[in-house]
Amino acid sequence: MDDNLERPTSKSQLPPAEHPEDEQSSGDEDQGPDWTKLPSVSGPRPVIPKRGEKDFEPIAAGGSGYQRHVLDRSRSAMFDALRAAPSISSKSASHAVWYPELARAHVTIARGVVVANMGHSVARPSLDPGVSQKVQKRLELLPEEALYLIERGALFCRKAGEPVLAEEERLDEMEGAPMSVQQAFAEMIGKEDLTLEKYQVYAYLKRLGYAVTRAKPPTSEYPVPTPYPSAASPSTTIFARLRNLFRSFVFGLRNLLLGSFDWRRPIKFSRWLHHNMDYTSLSKSLRFLPSGHDVPLHIKTKSGAPPSPYEIFYHLYKPSTPFKKTAPPPPDFSVVVVNARTTPIPSLHELSTLFGVLPELPPPVPRKRQAFTPGGSKTPTAPPPVPTSVAPSSEASSWRKLFQWAPSCMTKQSSPEKAQPQAPRTNPFLALKTGNKIIVIAAVDAGTTTFFRFGQGVFKEWPML
Amino acid sequence: MSLITPNRRGGANKGGARRNENNRIYGLPLPLEFSTPATARFHPARHILGLFGIPDTRILNPHCEGTFDPLTCSVWVTNSKDSTILWRRGFFGKGDLSRSEPSWHTRQMTARKAAGKFLTSEEIREKRRAERKQFKLDRAAALAQAAAEAEAAFAEGREAAPVAIPSGATWKPQAHPTAEDSRSPTPALTEEVEQEPEEPLEDLEHLQLTLQEAFFLIWNFNCLTVIDPATNEPMSLQQIWSTFRSVYCDKLPPPLSEPAMKRFDNPFLVNYVAYHYFRSLGWVVKGGIKFCVDLLLYKRGPVFHHAEFAVLVMPVYEDPADQESSPFTLANAEPFSWSWLSTVNRVNSQVQKTLILAYVTIPASSRVSCDQTMSPACLAHYSIREVVLRRFLPARMRD
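The rules behind these values
By convention here, each chain's residues receive numbers from 1 onward along its written sequence. Each chain gets a letter, beginning with A, and each ligand a number, beginning with 1, in the order they are written. At least 70 in pLDDT is required for a residue's local features to be given in this predicted model, at least 80 for side-chain atom pairs to be given and counted, and no such filter applies to totals for whole chains, interfaces and linings, which use all residues. Only hydrogens and water are removed before side-chain values are computed, so all heavy atoms of the structure are retained for them. Secondary structure counts use DSSP, requiring at least four H or I residues in a row for a helix and at least two E residues in a row for a strand, with both numbered from the N terminus. Exposure classes here rest on a 1.4 Å probe applied to the protein chains alone. A residue is buried below 20% of its type maximum, exposed above 50%, and partly exposed in between. Contacts are assigned to residue pairs that have any heavy atoms within 4.5 Å of one another. To be clear on the numbers: accessible area is Shrake-Rupley with a 1.4 Å probe, and residue cover counts the displayed protein chains and nothing else. As used in this structure description, the phrase polar contact means that two N or O atoms lie within 3.5 Å; if the pair is within protein, one of them must be able to donate a hydrogen and the other to accept it, and residues adjacent in sequence are counted only when both atoms belong to side chains. UniProt positions are given in the numbering used here, feature names are shortened, and annotations may be inferred rather than shown by experiment. Two cysteine sulfur atoms form a disulfide, by the criterion used here, when they sit within 2.5 Å. One number per residue, pLDDT, summarises how confident the predictor is, and it ranges from 0 to 100. What counts as a ring pair is set by centres within 6.5 Å for rings of Phe, Tyr and Trp (its six-membered ring), and what kind of pair is set by the plane angle: stacked under 30 degrees, edge-to-face over 60, tilted for all other angles. Given the number of residues in a helix, its expected span is that number minus one, multiplied by 1.5 Å. At least two DSSP bridges between two strands are required for those strands to pair. To obtain an axis, a line is fitted to C-alpha atoms, over the contacting stretch when the element is a helix, and the angle between two such axes runs from 0 to 180 degrees between their N-to-C directions. Residues enter patches when their relative accessible area tops 30% and they take part in no salt bridge; the joining distance is 9 Å for like charges and 5 Å for the nonpolar side chains Val, Leu, Ile, Met, Phe, Trp and Tyr. The salt bridge criterion pairs a side-chain nitrogen of Lys or Arg with a carboxyl oxygen of Asp or Glu, the two atoms within 4 Å. Only four residue types enter the charge count, namely Lys and Arg as positive and Asp and Glu as negative; His and the chain termini do not. Each charge is placed at NZ for Lys, CZ for Arg, CG for Asp and CD for Glu. Among the buried residues, those of types Ala, Val, Leu, Ile, Met, Phe, Trp, Tyr and Cys that are joined through side-chain atoms within 4.5 Å form a nonpolar core.

*Asks:* What exactly am I supposed to notice about the overall build of chain B here?
*Replies:* Counting its regular elements, chain B contains 13 helices and 12 strands. Out of the 399 residues belonging to chain B, those deemed buried represent 45%. Here the analysis covers contacts within chain B between residues at least 6 apart in sequence; of these, 66% occur between residues at least 24 apart. Summed over all atoms, the accessible surface of chain B reaches about 20,300 Å², with 55% contributed by carbon and sulfur.

*Asks:* Would you take a moment to explain the environment of N332 of chain B for this structure?
*Replies:* Residue and element names in this part refer to chain B. Tracing the sequence through the fold places N332 in the loop between helix 12 (320-324) and helix 13 (338-350). If we skip the residues at most four places from it in the chain, N332 touches D294, L312, V313, M314 and P315. Polar side-chain contacts of N332 include one of 3.4 Å to the backbone oxygen of V313.

*Asks:* Can you help me understand the UniProt feature "domain: tRNA intron endonuclease catalytic" (unreviewed entry) in chain B in this one?
*Replies:* Mapped onto this structure's residue numbering, the UniProt feature "domain: tRNA intron endonuclease catalytic" (unreviewed entry) falls at residues 268-360 of chain B. Helix makes up 33% of residues 268-360 of chain B and strand makes up 26%, while its end C-alpha atoms are separated by 12 Å.

*Asks:* Please explain the state of the cysteines as it appears in this structure.
*Replies:* Each disulfide consists of a covalent bond between the sulfur atoms of two cysteine residues. Residues and elements named next belong to chain B. The final tally for this structure, using the stated rule, is 0 disulfides over all chains. Cysteine C64 is unpaired, with the sulfur of C223 as its nearest cysteine sulfur at 5.7 Å. Judged by its relative accessible area of 0%, C64 is buried. C249 forms no disulfide, and the closest cysteine sulfur to it belongs to C73, at a distance of 11 Å. Residue classification places C249 among the buried positions, given a relative accessible area of 1%.

*Asks:* How do you make sense of the confidence of the model for chain B when you look at a structure like this?
*Replies:* Should pLDDT be low for a region, the predicted coordinates there are not to be read in detail. Residues and elements named next belong to chain B. Averaged over every residue, the pLDDT of chain B is 84; residues scoring 70 or more account for 85%. The weakest mean pLDDT in chain B belongs to helix 6 (residues 177-183) at 43; the strongest belongs to strand 9 (residues 295-298) at 96. Confidence over residues 177-195 falls short of pLDDT 50; this stretch has 2 contacts with residues more than four positions distant or in other chains.

*Asks:* Quick question: what am I supposed to make of the packing of aromatic side chains here?
*Replies:* Two aromatic rings, taken as a pair, are described by how far apart their centres are and by the angle between their planes. Residues and elements named next belong to chain B. Using the criterion set out here, one finds 42 aromatic pairs over all chains in the structure. Aromatic pair W241 and F268: ring centres 6.3 Å apart, planes at 70°, arrangement edge-to-face. Residue W241 is located in helix 9 (residues 237-249), and its partner F268 is located in helix 11 (residues 267-280); the two are separated by 27 residues in the primary sequence. Its relative accessible area of 1% is what places W241 among the buried residues. Residue F268 is classed as buried on the basis of its relative accessible area of 0%.

*Asks:* I'm lost on helix 6 (residues 238-258) of chain A in this one. Help?
*Replies:* Since the α-helix advances by 3.6 residues per turn, residues separated by three or four positions end up pointing in the same direction. Look at helix 6 of chain A: 30 Å from first C-alpha to last across 21 residues, which is about the 30 Å you get at 1.5 Å a residue. Within two residues after helix 6 of chain A, G259 of chain A carries a phi angle of roughly 90°, on the positive side.

*Asks:* Even after reading the chapter, I still don't get the UniProt feature "active site" (unreviewed entry) in chain B, so can you show me in this structure?
*Replies:* Residue and element names in this part refer to chain B. The positions that UniProt labels "active site" (unreviewed entry) are, in the present scheme, Y298, H306 and K353. Taken together, the annotated residues stretch across 56 residues yet fold into one region, lying no more than 10.6 Å apart by C-alpha. Relative to the helices and strands, Y298 resides in strand 9. Classification of Y298 as buried rests on a relative accessible area of 13%. With residues near it in sequence (within four places) discarded, Y298 still touches W283, V284, K286, H305, H306 and A307. With respect to the helices, strands and loops of the structure, H306 is situated in the loop between strand 9 and strand 10 (309-317). The exposed category is assigned to H306, whose relative accessible area is 63%. Setting aside anything within four residues of it in sequence, one finds H306 in contact with Y298 and K353.

*Asks:* What is the right way to read the sheet that holds strand 7 (residues 314-317) of chain A from this model?
*Replies:* The strands making up a sheet associate through hydrogen bonds between their backbones, and the pairing can be parallel or antiparallel. Here we have 10 strands laid out as an open sheet, ordered 6(A)-7(A)-8(A)-9(A)-10(A)-12(B)-11(B)-10(B)-9(B)-8(B), and mixed in their pairing. Across the chains shown, the open sheet's two edge strands, defined by having one partner strand only, are strand 6 (211-214) of chain A together with strand 8 (284-287) of chain B. Taken pair by pair, the neighbouring strands of this sheet meet at an average axis angle of 30°, ignoring direction. Pairing of strand 11 (residues 354-362) of chain B with strand 12 (residues 383-391) of chain B involves 7 bridges; the strand directions are antiparallel. Note that in strand 12 of chain B the partner of L355 of chain B across the bridge is L389 of chain B.

*Asks:* What is the right way to read a positive patch on the surface from this model?
*Replies:* Residue and element names in this part refer to chain B. On the surface, a cluster of positive charge is contributed by R99, R128, R129 and K290. Mapped onto the elements, K290 comes out in the loop between strand 8 and strand 9. On the basis of relative accessibility, which here comes to 66%, the residue K290 falls in the exposed class.

*Asks:* Help me understand the nonpolar core in this model?
*Replies:* Nonpolar side chains in soluble globular proteins tend to be buried together. If you look at the biggest cluster of nonpolar residues, it comprises 74 residues, and the most contacted ones within it are F459 of chain A together with L209, L224, F278, W283 and L379 of chain B. It is helix 11 of chain B that provides the largest number of residues to this core, a total of 9 residues. Non-local contacts of W283 of chain B, meaning those with residues more than four positions away in its chain, are made with F429, L432, F459 and M464 of chain A together with F278, L297, Y298, K299 and F309 of chain B.

Written as structure tokens, this is what we have:
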């Protein structure tokens, strides 16, 4: 799906139609914002020229007045947009106080999105003189949250300890001079594990509409998402136990008749026992090399090595997921943020550590194509409730081959499997390309962020033969 | 349609007919053939087996023959019947004078007959490249015309008239008068050539198997015999095992080559683990040098569909000390930079392939004794696991 963005086309891409009031959205992924579409406070809106392609060489006939004119027009539109002052009224802005030693901003007046899904409530003893010592719960923001709101202009934050204006001198609830954006950056970057790269990723994702929370709670008061539902342990029903017993019996019998595994001739054929007599079973017998993520790793790590930067830092929730601040659900994506210049790609040890904490996802269901309805509701692609994998298993078929003379036995055993609702068939390529555990790694390279999805491979579950 | 056998039906051999033809020719996924002999006479074995519901199948082993070539580190199959079998049943190897399938002989034969009737894959490729070049010239001309038009319109102060710029999907090659003129003298020449008695054309091409492909065929199916070029004798499995590994050790200076034979990080072993793993899952595995990767995985074969996956084999040392003392320089053993990973991913997503990182763990010499390398049993100590890499676009994943 995302490959479509990377396919080259000879047509110039027109920016998608944007909601005119949405000043924060950007056009295409890899290009800058279309400055001519941003509303500017000063003066009438400029004539919107189409964003076209720049020629890469001068015209042979000479003269590039048209090209220069187009470029000048775009450049001046950009400067006009930048010159415009942020236009948020002070009535809808929130107010906060930044405490550097706590690395938190305490929100005094909260309005709008601040209360909705940002910040967490912390109980702190009240420090006002004259009020008896009692513990009050107040809304606090992490440094990245406060910085994001200040950058947007939705928060006026003053530093704790700065002189406070007297009642009469105050304008519009402001208690003191609010921090400028530069001061806010200087104060907040570096506190509480927040680096510039992590902030850039945070701000980008927030602007797109995701809910972003920290994976490792910085204090005990930080709300922790509900743990993932633990993977169902291999069923211990009588049916499963019988099957395991029978399988080991058949395995022992086969070893007895054909001889144990010989590394000189790993594949044995037997006409009488019909062993390896078709391509499927031959292919299955070829899989004798240890493979898959369950095989234990014996990697020695150097004892003096610094801790790995590959740690889940953010939890990501899609805008459509109902997100409750105090009891967040299990996250949709887990994000690791690294600096692309200083950190190489994760080694196998780091990747398996990351995968170790993630849940296994069921194979993805292909999107149902819906007829277009003007109401515009799209069914979310929820994974089917049936957790059983739809991968073909040849063990059942080998059972059937040997017990052809006892058909009644087979129907009884296969009926509980058929009683479950028929799960929609998964496309094997879709399952192979997604994997069963997903970790998102954001590599920030001096401002440009690239997100990669590393998925744990499931090739063993989807053989082609 | 096999790309080298002539098609008599002409236009009817497109789409479904070609697919059926391909399914028929490339129907066997591995060199061994299973057959149920349909003999009418009474055979006790068939009936006894039939009581158990077991069909009586036999294995037909083609018993191909190849020669080991130490200079190119590969196995050459010169017998054209064997190379056809190995190519058609599993797409093993590559013709050394051809793009993939050993088709040099057929191309030479068709070059003698009237040109243009039968096309091999190389000729199709040349035709496609010429067409694409022409398309690019047309498109550049249209772009230049559009720019000139816009410039003239701007100078006069009016709107530019839109110029149609050809796109790759809708451009059709136009018949150029110059090409047709050059064709007319050739039929006269070919007529003259055919009147002369032709000497039989010897097939100078051979099929080249990589060491991993050859070992896979020998070890698992026993359908390939490798001849030692020095003694002209077939090599035993033990000899093949040590020769294939020594190919990498002989390049080292003499004091190092002896102990290097006992190392686990021999590139042959590491690449063989990856090759065997994907072949055992039913994928057709070919080389991936064209796309900056090590292996390409095809679902049934190159003639059916483009490769879906591009695999980078990443060796992982269990013991870092082994890596420091290693005389081999294994590719991708050191974790590389994000910019290179981005590059490889970008190259492959341009051609709609998904990048897979296949991690092969190399056992530590402290954990497993080095004498294990004397037999293929050492492969039990390696392990392979894969990780799928895709780009994540938050703007698209919002819903």
